[in-house]
Each structure stands twice: as C-alpha cells, then as structure tokens.
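Tertiary structure, described
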Amino acid sequence: MDDEELEWRVLQHSSYYYPLVDTIKCGRERSEHYNAYTYIVGQTNDVPDRPQRIFFSIQKYFIRPSGDNHGYFIITLYLMKPKFKSTSSGLLIVDPIERKQYRFKTDTPVTPTPVVPDQLPYPMDTTVEIQTDGFRVLSDNSICIRNSNGTLITELQADEKVNLPKSEYILDFSGPLKVYVVVESTVHVHEGIGEARISFGEPTSAVISARSYHTSPAATITTTTEPNDVMRAVSMFGSALKTTTPERSYPTLRGHPPAIELGTDVEIPDELSRPQTGVQIEIPPTLQHTFVVAPLAYYLAAEVVPGSTPQLVTETGYVHPLEGEHGFERTVKQVFKQIFLLDCIVRTEGETPLPLYEREAIEPVLELDIEEIYERPIAEQLEAYLAVPFEMIQAYLPKWQFEVHLDPFATDSLELLPFLMDHLPTIKIDTAASKPARTASTTSVSVSPLLRQSWEDGRTEITGTGMLSAFQNNISQSPRDGPLEIEVICNDSEMSKELVSVHCAYRNRNDLPLDVTVHYDLTTDELEKVFSRESDFVHYIGHIDTDGFRCSDGTISAAQIETVGTKAFILNACRSYEQGLHLIEAGAIGGIVTFREIENSVAVNAGRTIARLLNFGLPLYGALHILQKIGDGEQQYHIVGDGSLTVVQTSQGSPIAGTITQAEDGNDMIVDSYLSPSKDRGSVYNLTTNMAESYRLVFGKVSLQSESTADLVELLNTEPFPVLFDGELRWSTDIKTHEL
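What counts as what
- Residues numbered from 1 in each chain as written.
- Predicted model: local features only at pLDDT ≥ 70, side-chain atom pairs only at ≥ 80, totals over all residues.
- Heavy atoms only, no water.
- Helix = DSSP H or I, 4+ residues; strand = E, 2+ residues; numbered from the N terminus.
- Buried < 20%, exposed > 50% of the residue type's maximum accessible area, 1.4 Å probe, protein only.
- Contact = heavy atoms within 4.5 Å.
- Salt bridge = Lys/Arg side-chain N within 4 Å of Asp/Glu carboxyl O.
- Pairing = 2+ DSSP bridges.
- Axes fitted to C-alpha atoms, helices over the stretch in contact; angles between N-to-C directions.
- Phe/Tyr/Trp six-rings, centres within 6.5 Å; stacked < 30°, edge-to-face > 60°.
- Lys NZ or Arg CZ within 6 Å of the ring centre and 35° of its normal.
- Parallel < 35°, antiparallel > 145°, perpendicular 65-115°, else oblique.
- Nonpolar A, V, L, I, M, F, W, Y, C, P; charged D, E, K, R; others polar.
- Polar contact = N/O pair within 3.5 Å; in protein donor to acceptor, adjacent residues only side chain to side chain.
- Core = buried A, V, L, I, M, F, W, Y, C linked by side-chain atoms within 4.5 Å.

What follows concerns the overall build of the protein. A count of helical and extended segments in the protein gives 16 helices and 43 strands. The buried share among the 740 residues of the protein stands at 61%. Long-range contacts, defined here as pairs at least 24 residues apart, represent 68% of the contacts in the protein between residues at least 6 apart.

Let us now look at unusual backbone geometry. A negative phi angle is the norm for most residues apart from glycine, just as the trans form is the norm for most peptide bonds. Not every positive phi belongs to a glycine, and Arg575 is a case in point at roughly 50°. For Arg575, the location among the structural elements is in the loop between strand S34 (566–572) and helix H13 (577–585). A relative accessible area of 21% places Arg575 in the partly exposed class. Of note, Asp726 is a non-glycine position whose phi angle comes to about 55°, a positive value.

Per the counting criterion, the structure on display carries 17 salt bridges. As a salt-bridge pair, Glu303 and Arg274 come within 4.0 Å of each other at their nearest N and O atoms. Of this pair, Glu303 sits in strand S21 (residues 303–306) while Arg274 sits in the loop between strand S19 (259–262) and strand S20 (279–283), and the two are 29 residues apart along the sequence. Here Glu372 and Arg376 are joined by a salt bridge, their closest N and O atoms 2.9 Å apart. The network of salt bridges with common partners includes Arg146, Asp172 and Lys178.

Turning our eyes to something else, we now look at the sheet that holds strand S32 (residues 548–551). Taken in spatial order, the three strands make up an open sheet running S31-S32-S33, and their pairing is antiparallel. The open sheet terminates on both sides in strands that have one partner only, identified here as strand S31 (544–545) and strand S33 (554–556). Together, S32 and S33 form the strand contacts of helix H12 (residues 524–532), whose direction differs from that of S33 by roughly 25°.

Moving on, we come to the packing of aromatic side chains. Evaluation of the coordinates by the stated rule reveals 18 aromatic pairs. Aromatic side chains Phe531 and Phe549 sit 5.5 Å apart centroid to centroid with 40° between the ring planes, which places their arrangement in the tilted category. Of the two residues, Phe531 sits in helix H12 while Phe549 sits in strand S32, which places them 18 residues apart along the sequence. Like Phe531, the residue Phe549 is buried in the burial classification. Every member of this aromatic cluster is reached through a ring pair, and the members are Tyr102, Phe104, Phe135, Phe173 and Phe200. Residue placement shows Arg681 over the ring face of Trp400; its charged tip is 4.3 Å from the ring centre.

Turning our eyes to something else, we now look at the packing of helix H11 (residues 496–507) against helix H14 (residues 600–616). Following both chains from N to C, one finds H11 and H14 inclined at 10°, their axes separated by 9 Å at the closest point. Compared by their axis directions, H11 and H14 come out roughly parallel. Counting all contacts with H11, which are made through Lys497, Glu498, Ser501, Val502, Ala505 and Tyr506, the residues of H14 involved are Ala603, Val604, Gly607, Arg608, Ala611, Arg612 and Asn615. Tallied by class, the residues present in the contact of H11 with H14 amount to six nonpolar, three polar and four charged.

With respect to the helices and strands, Glu372 occurs in helix H6 (residues 370–374). Given a relative accessible area of 34%, Glu372 falls into the partly exposed group. As for Glu372 and Glu349, which are separated by 23 residues in sequence, their C-alpha atoms are 9.0 Å apart. Engagement of the side chain of Glu372 in a polar contact is seen with the side chain of Arg376, the distance being 2.9 Å.

Next up on the list: the packing of helix H4 (residues 328–346) against helix H7 (residues 378–386). Relative orientation of the contacting elements H4 and H7 amounts to 110°, with a least axis distance of 10 Å. Considering the angle they form, H4 stands roughly perpendicular to H7. Between H4 and H7, the contacting residues are Val335, Gln338, Ile339, Leu342, Asp343 and Val346 on the first element and Leu382, Tyr385 and Leu386 on the second.

Counting buried positions along helix H15 (residues 620–629) yields nine of 10 residues, so the element is predominantly enclosed. Those residues of H15 that fall on the buried side of the exposure criterion are Leu620, Tyr621, Gly622, Ala623, Leu624, His625, Ile626, Leu627 and Gln628. Just past H15, the residue Gly631 takes up positive phi, approximately 85°.

Mapped onto the fold, Ser557 is located in the loop between S33 and S34. Judged by relative accessible area, which is 13%, Ser557 ranks as buried. Within the structure, the side chain of Ser557 is placed 3.1 Å from the backbone nitrogen of Ala559, a separation counted as a polar contact. In contact with Ser557, not counting residues within four places along its chain, are Asp547, Gly548, Gln579 and His582.

The next thing to look at is the side chain of Ser654. With respect to the secondary-structure elements, Ser654 resides in the loop between strand S36 (637–641) and strand S37 (656–663). Taking the relative accessible area as the measure of exposure, Ser654 reaches 4% and is therefore buried. Contact partners of Ser654, with chain neighbours within four places excluded, come to Ser673, Tyr674, Lys679, Tyr685 and Val698.

Bringing the nonpolar core into the picture now. Leu300, Ile339, Leu417, Tyr637 and Met669 are the most contacted members of the largest nonpolar core, which has 145 residues in total. Judged by nonpolar contacts, the second largest core, of 30 residues, contains Phe84, Ile93, Phe104 and Ala210.

Looking now at the sheet that holds S21. Two strands in a sheet stick together by hydrogen bonds in their backbones, pointing the same way (parallel) or opposite ways (antiparallel). Spatially, S21-S20-S22-S23 is the arrangement adopted by the four strands of the open sheet, whose pairing is mixed. Edge positions in the sheet fall to S21 and strand S23 (319–321), since each of these pairs with one other strand and no more. Along the sheet, successive strands turn relative to each other by an average axial angle of 25°, direction set aside. As judged from the four bridges shared by S20 and strand S22 (residues 311–314), these two strands associate in the antiparallel manner. Each bridged residue has a counterpart across the sheet, and for Val279 the counterpart in S22 is Thr314.

One can find Glu403 in strand S24 (residues 401–406). Along the chain, Glu403 and Gln453 lie 50 residues apart, while their C-alpha atoms are 5.9 Å from each other. Other than its neighbours up to four places away in sequence, Glu403 contacts Lys333, Thr426, Lys428, Arg452, Gln453 and Ser454.

Pairing geometry for strand S8 (residues 83–87) and strand S9 (residues 90–95), over five bridges, is antiparallel. Bridge pairing in S9 links Ser86 to Leu91. Taking the residues between adjacent antiparallel strands as the criterion, S8 and S9 are bridged by two residues.

Buried residues dominate helix H2 (residues 227–235), accounting for seven of its nine residues. Taken residue by residue, H2 has Pro227, Asp229, Val230, Met231, Ala233, Val234 and Ser235 as its buried positions. For H2, the elements touching its buried residues are strand S18 (220–223), S19, S20, helix H3 (287–300), S21 and helix H9 (413–421).

Note on strand geometry: in a regular strand, side chains alternate between the two faces of the sheet. Of all six residues in S9, six are buried; the element is thus mostly enclosed. Inspection of the sheet shows S9 paired to strand S10 (residues 100–105) by six bridges, in the antiparallel sense. From the neighbouring strand, Leu91 faces S10, where its bridge partner is Phe104. Adjacent in sequence and paired antiparallel, S9 and S10 are bridged by four residues, among which Arg99 carries a positive phi angle near 60°.

As far as function goes, none of this settles anything; it's purely spatial.
Below, the structure written as structure tokens:
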C-alpha cells in the first residue's frame, strides 16, 4: 500500500472502525490516556516512509482529523487483548473491552512474563508464564483436562477429584474469559463447590493463555443494493468460520462476519476467503430472500446464487427444498435449527466428548450413526441431517429465543446484517420494522432506521428496538481498566426508596469490584456530564417530559448530548423510549426504557428487580424476561440497542434463573438459561447436581424433576441464582428447606 492509497482509505473511512493492515507507513507515539498506540499518517516528508510491521495484536483503529492540519490523520489503535496483572493474592486476568476478569489465587506472589503461545492448538489473545506450585479459581463450570494435542482426557464436575501422572497437560477453563493453562507436571485437581484447587506438587512453569469473547469484523465488503451484489456479499459471511466441522456450533469457532458498507460496486478484500464446503443456496434474486437465508449461508459457509426455486444444493447432487407447505421463511428457519441442533449432537464425537442431554434425549429416535457421521464431509452430513423428519426432533429443539424483524429496503439494513449474524438469529421480513415506534406522547423520534428484535420462550416475549449504531458502538469501545463504574441518578426526592434499594443491589458483589456513584438532583449540565463520561451503566430515576430529562434547572434532551460514554442504562421514568434511542445514537450499546406512564410503586419494584438481576449477570433481555414472569412492569419495559448485553459478569458459568413448581409428589425446578457474550448460541452449561448430571445447550428451558427435597436443596445451594418461588423473586440460597 503506497501513501496515496493509504490516505485515500483514511479519507474514505474516517468515521468507522476497521482492522489494521499488515504494514503501515507511520510514526508512532505512546498515548497513555487512551491506553493505545497512536499513529500519524499522511503524504508528507515528516512521516517516516519505512514500513513498520506491527507485532502485537491490534483489532481496530479509530481515525480522526488532526486539528487544522488536514494533511494528517491520527489513528488510535486500541489494544483489545486481555491483560495479566500480579495481585497480592495471585494473578488477575482482565478483559478491558468486555470489562470481565478471571482471578487465579496462589499461595505465593507470581510474576507473569509474556511468552508466545506455541504450545496451544487454539488461537489465543495473550499468553504469559508464571512459576507456581498450584492455584485456585472460582469455578461453576467443569474443568476439562486435555493432552498436548487438545484431545480430552477427562472432565471434572463439582466435588470431583483427579490425580494425573507427570506429563504435558492443557487445563481448559470456561468463564468470563476463555483460559488455558499448559503445564508439564503431575496434576492434582479438586473441583469443589464454587472453587477448584489445582496442585502441581512443586514449583512448576505454567503457561497461561487468555482469549476474550469479544468479536469484531475482520474486513469490510463494499456492495450495492442490487440483489445479485448483496448475494455475493452474503456469500462471504462464511469466511469468518474457523472450522467447517460440527464444532462450528461452538460460538468461539465462529468469527464475526465481515462488515458491509454501501458503494457503487462490489469490492471483496483479497484477504477474505470462503471455505469450500460444496454447499450452495439457490434463491430468487430478491433482497427479501437473501436476508432470510443469510444466517444459514453464514453458518454453512454456503454460496448464495440466483435460482428460480429456493433450495439447498450440495456438490454431491443433493437438493433440499427451502420452500414447503409452511412457506419460505418458516422452512428456512426449521432447516437452520435442525442443522444446528444436530451439529451440537454430532460434535460430541470430536475433541470434547462431553455427555450432552440433547444427545441422550434424541439419539434413541434417530436412525443415525453419530460417530460415523462426524467423520463425513459437510455436504454428506447435511444430507443425513435433513433426511430426519423435522417433526421427529421438533420437541427436543431448545427455544431459539432471538428473532429479528427486518425491512431489507430500509437504510442501514444491509450494514446491520453482519452484526446480527454474529448472534445467529432467525430473520423475519417485516417492512414495518423500520418505522419508528410511537410512544404515549404521540411523537416519533428521528434516529437511524430501526429493526424489531424479540426474545421469546413460548410464553413470554421481550421486544426490543435495534439500531446499527448500537452494534457499531459495541465494536468501537475503548479498553478500560479498574472496577466497573455504575452511576445512579436520582432526580426526584419522592423516588428515594428506589435509590436506596438499587444502591444496595449494585454494591452486593464481593467477588467483583464495583465503583458505585450516586447523584442527586442534577442540573442539565451535570446530567450531560454523567452520561458523557465513560462508565459501564447508568441507572436513571426521575421524570422525563416531552422535552427530555427533568432536572433541577430545566430539561435536557438526550439528542443534545454529543457523545455518550456509558455502555448501558435503564431510564426508569415515564415515556423514556425516545431518550433511550438518542443515547444509543450518541454512543451507548443497550438500555431499558419505557413506552408510557408508569405508576411510582411499579417503577420502584421494577427498578429494584432489574438492578438485582443485572448485578447477578443476566443480560438486559433476561432481566426483563424475569420481570414479566413475576408480573412487575408487565409489557411496560422495552429494550433499545443490543439486548444481549451484560453489565456485570455472572459468578456462574451461564446466567440462569429458576422457577420452583410444587406438586403433590414433590417440587420440580424449571431452569431458564440465557445467552450472553460469554455464553452465546452453541455453548453448554452444567448444574452439576443429581437433578442435572449432563451438559445442556445454553438457550431455552429445562424441566428438572427432584426425587427428593434433598436433591432440590443441593441444586439451590450450588450458587446463588434468581428463583421464582410462590410468585416471588428469591435467591436460591435464601430458600429454606422447610419452605419446600
């Protein structure tokens, strides 16, 4: 890339975040404030012309003009990698983007030394080496122990032990970050309740690698809005897959699809390469058809081509129709769900043969040799999968939860597609989805085009308004260290009861540092400053009028706030929907808002409940799901932006909630698991009790039957989690045996 090309790209992309090219002509200066490297580029002799290869991992850069000198542009390259820090109790791994952390406790101080992760068969972000005779970690997931090739040797669940002779092992931990530990030693592991103890017998070199769950586009495709061009662009979504085996059903093996921007022609970067799976999806060349098959095309790395009849075609000559008696959209949805579920089952024959509940339930009715199918190429696997009647597995399908209603003709819809694919939704064409919603104030808000999102479990539906800016804000976060920062604003003294309850909720986390700041009776300038500065969450308690937030000296609209620094928020005030949309437009990622007038008592109860649930680690949509189940707020609360966002990491492997149902022969538990950035679609979780000994897929509802009260008590005491009991929200560890 010469100087002219480089400056053209800078000018063309000056308002977006894109991946760094391999080499760049630059001068470098250290910027401590941004915790990043700043590069100045331009056509001038003052800029060194010697290409400098970048050896550290950079995922994004931010471009902005450098003051009055239009010959320069400043590119801030954010270091997205997890960091390792020595602490008085051991080692702390921090994800500065997702704002998550993983703590290793050691008996003696350790000093991490950066090393190359050449001992691992997996891609990692950051790797260090320490000397230690062992460590302890919080653990509510099982621990997998693998050999040096990555093959599973054993996996330990709660209250299990293992002693292994001296050899090279990979210890596999799944938590707020993905962590591997490589040692050549004897290994003694005791997986206790909530904490695991690992001992090597003597001081040993331990190589620890961490990978963030944060993903972002690796490249950008330019396309027109012509259907054939869009089909070419969507065909390249599969270039983000890290494997085409059934293991692609694990979220960590599905990369973020390349971004899309509109132009006058199709431009596909040379570095993008779609895996040759031998799978094509033939559809009539319309935007509606292309949008509906986009998730399936991404997941199968399929080429989307024009055809008179919607159908899936493989290189072996196999053809499966995509338009049946239930119509095109529903047929594509069923095919996608069936393939994904059977991949999750077949992958248990691979490197991680964990006992999976869904396999145990479905295998007896399948006429498939799962072990043999695992070894087949993808085209033959699809033929075997789709030979199974959908009705045979329908009852075993977990609830998909996430559906998107999208208008393919709306501005920004094309650019939204890659961000949506990252969550594997099902897509429903709805030309009304892009129309701004109307609130009780009978006015509509002018922001970027919208899409309708819904999360449903068959009984309860949570709705949300999605926006392109929310997803762009998510990938453009700057890394930050330190405790989670939560701002609580109370602009009405009559609502002090809610302030007290939410303040207590946000402070009740001993395993995670929180910095909670309370603000009272703010002026318009003070309110703007709170929303503008970087924080993790803002909980607003007060009033919102047609002109905006009511403050001590007047009102201010969120549309007047140029830059919003908080990631997420709840606006617990009447008719806060429009203000929430403006906050997303200006920089936030997700929030909870209201459509209409809310009684003060309802707002107080709902605010307290949402605070407790978010503080537990539930995503935004999960908090509203439970809120509706207990009847607080009913349908009065709504998601804006990214509803899968979590504010605080869960102390468990996966965010869950339970409902105890009482019967004459005992108590049963219904468990809802929720998708989150660290446990996205295809992840598994394990409750590690007699009531649930197998792993289960993270999404949907599971009914557990207890053979005795002791079984239920064991489950409730594994870790604190929210439980609906007699219509009341309780914490599992607070429920007494005599109540059951």
